[in-house]
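The chain contents come next:
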Amino acid sequence: MNAMDYHDIGVAIVGSGFMGPAHTEALRRLGISVRGILGSSEEKSTRAAAQLGIPRAYATYDELLADERIHSVHITTPNKHHHSMVVAALDAGKHVLCEKPLAMNAAESRDLVNRAKASQVEAGVNYNIRFYPLCIEAANSCIGNVHSVQGSYVQDWLLFDTDYNWRVLASEGGDLRAVADIGTHWLDLVGYVTGLRVESVFADLKTIHLVRNRPVGEVETFSKSTNAELVETPITTEDQGAVLLRFAGGATGVLWVSQATAGRKNRLQFEIGGAEGSLAWDSENPNELWRGKRTQANEVLPKDPGLLSPAAAHHTSYPGGHAEGYPDSFKQCFRAFYDAVRGEPGPVAYPSFEDGHREILLCEAILESHRHGRWTRVEEN
Ligand code: SOE
């Protein structure tokens, strides 16, 4: 695969919900060919292929994996399918980019790490938020020894008991929901920016709706069903939660996650305090990075490649004053991934299966802490 151009790389997408089209669009903006798609039924594959202008609709995953024009598979299915689909893609010698969380539990994600190591292919997890240019810039900013890390990831699309999607079911997405679905984005991001590992956690989680009124039929992420027929469905996954954090090296912090905060559509924020300065960023205003100072005026750095470090400038496609946002973060994440596939890795590593596994270990510690009401160490491996 060395020295391939983007347009020589053939990708197949698995999943036609919220993420499948988002991946397709980002890949195309890089000039990578999306050659086929597989939905959860043959009919959905055909519909998605027609809607997205993808040449081939697969009837089965085996058919996709047998397609020699496909070098790489993007898995954007419900989490319960990740492990088996990644295993089959690796066995077929395809590169894999899997949506987060990587797997349903640490036994599965550990197995995927080992299989990826034994393979000859690239294996990544879509922790795309790292790839906002100013998050890369934050990672390259000097604030001295880190003392504190705090912030939140807050949404409102699951506020009502009539809001429903596969993610609310533990059987589809895993025992944790808000923490796994959005909290791990925050944890991955602050880990990337600070370079610090969380060593132990103390969590308090809450399920607001112990029963949800599930509309008959499927409901896409962030959408409302129009079906008036509802089925009462017991829910065990959390809608919100707080997690106290202790990092290696002594920093402490706190994360708040919620998928039920009216008006907050999709907002991730962090504030990191160090011995020589602090950093704050907000995904709803992603083109500005706040840098706090004790003995000088604070500064607000705009996303302008001319003002950024080489790594952040490398992952910026437009000049200052030209906003880049959520879809661009997918494009930049995939760029890092496919530059590694081409054998020409760029300055920022793509999130690996090890990173994905680390997030699952964090989730397991968070759940255990919540269940036992005590500080819990995050397993190392
Ligand atoms: C739903 O909460 C969701 O689509 C997450 O699964 C994504 O990772 C996040 O980017 C937006 O919200």
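All values reported here derive from a predicted model rather than from experimental measurement. (Residues numbered from 1 in each chain as written. Predicted model: local features only at pLDDT ≥ 70, side-chain atom pairs only at ≥ 80, totals over all residues. Heavy atoms only, no water.)

Student: Sorry if this is basic, but what is going on with the pattern of salt bridges here?
Tutor: Should the charged atoms of two oppositely charged side chains come close, the side chains can pair. A complete count under the given rule lists 24 salt bridges for this structure. Between Lys 100 and Asp 181 there is a salt bridge; the shortest N-O distance is 3.0 Å. Placement of Lys 100 in the loop between strand 5 (95-98) and helix 5 (106-118) and of Asp 181 in helix 8 (residues 178-194) is noted, with a sequence separation of 81 residues between them. Overall, Lys 100 belongs to the buried group, its relative accessible area being 8%. Members of the salt-bridge network, linked through shared partners, are Glu 137, Arg 291, Lys 293 and Glu 299. (Salt bridge = Lys/Arg side-chain N within 4 Å of Asp/Glu carboxyl O. Helix = DSSP H or I, 4+ residues; strand = E, 2+ residues; numbered from the N terminus. Buried < 20%, exposed > 50% of the residue type's maximum accessible area, 1.4 Å probe, protein only.)

Student: What is the right way to look at the sheet that holds strand 8 (residues 198-206) in this model?
Tutor: Sheet strands pair via backbone hydrogen bonds, and the direction of the pair is either parallel or antiparallel. One open sheet holds the nine strands; their spatial order is 16-15-14-13-7-12-11-8-17, and the pairing between them is mixed. Pairing within the sheet leaves two strands with one partner each, and these edge strands are strand 16 (299-302) and strand 17 (376-377). Two elements, strand 13 (residues 266-274) and strand 14 (residues 278-282), share five bridges in a ladder whose sense is antiparallel. Bridge pairing links Gln 269 to Asp 282 in strand 14. Packing against the sheet, helix 11 (residues 353-372) makes contact with strand 8, strand 11 (240-247) and strand 17, and its axis sits at approximately 55° to strand 8. (Pairing = 2+ DSSP bridges. Contact = heavy atoms within 4.5 Å. Axes fitted to C-alpha atoms, helices over the stretch in contact; angles between N-to-C directions.)

Student: Explain the packing of helix 4 (residues 82-91) against helix 5 here, please?
Tutor: For any two helices packed against each other, the geometry comes down to the angle between their axes and how far apart the axes lie. Close contact between helix 4 and helix 5 brings their axes to 10 Å; oriented N to C, the two are set at 10°. On the basis of their axis angle, the class for helix 4 and helix 5 is roughly parallel. Packed against helix 4, whose contacting residues are His 83, Val 86, Val 87, Leu 90 and Asp 91, the element helix 5 presents Glu 108, Asp 111, Leu 112, Arg 115 and Ala 116 at the interface. Grouping the amino acids of the contact of helix 4 with helix 5 by side-chain chemistry returns five nonpolar, one polar and four charged. (Parallel < 35°, antiparallel > 145°, perpendicular 65-115°, else oblique. Nonpolar A, V, L, I, M, F, W, Y, C, P; charged D, E, K, R; others polar.)

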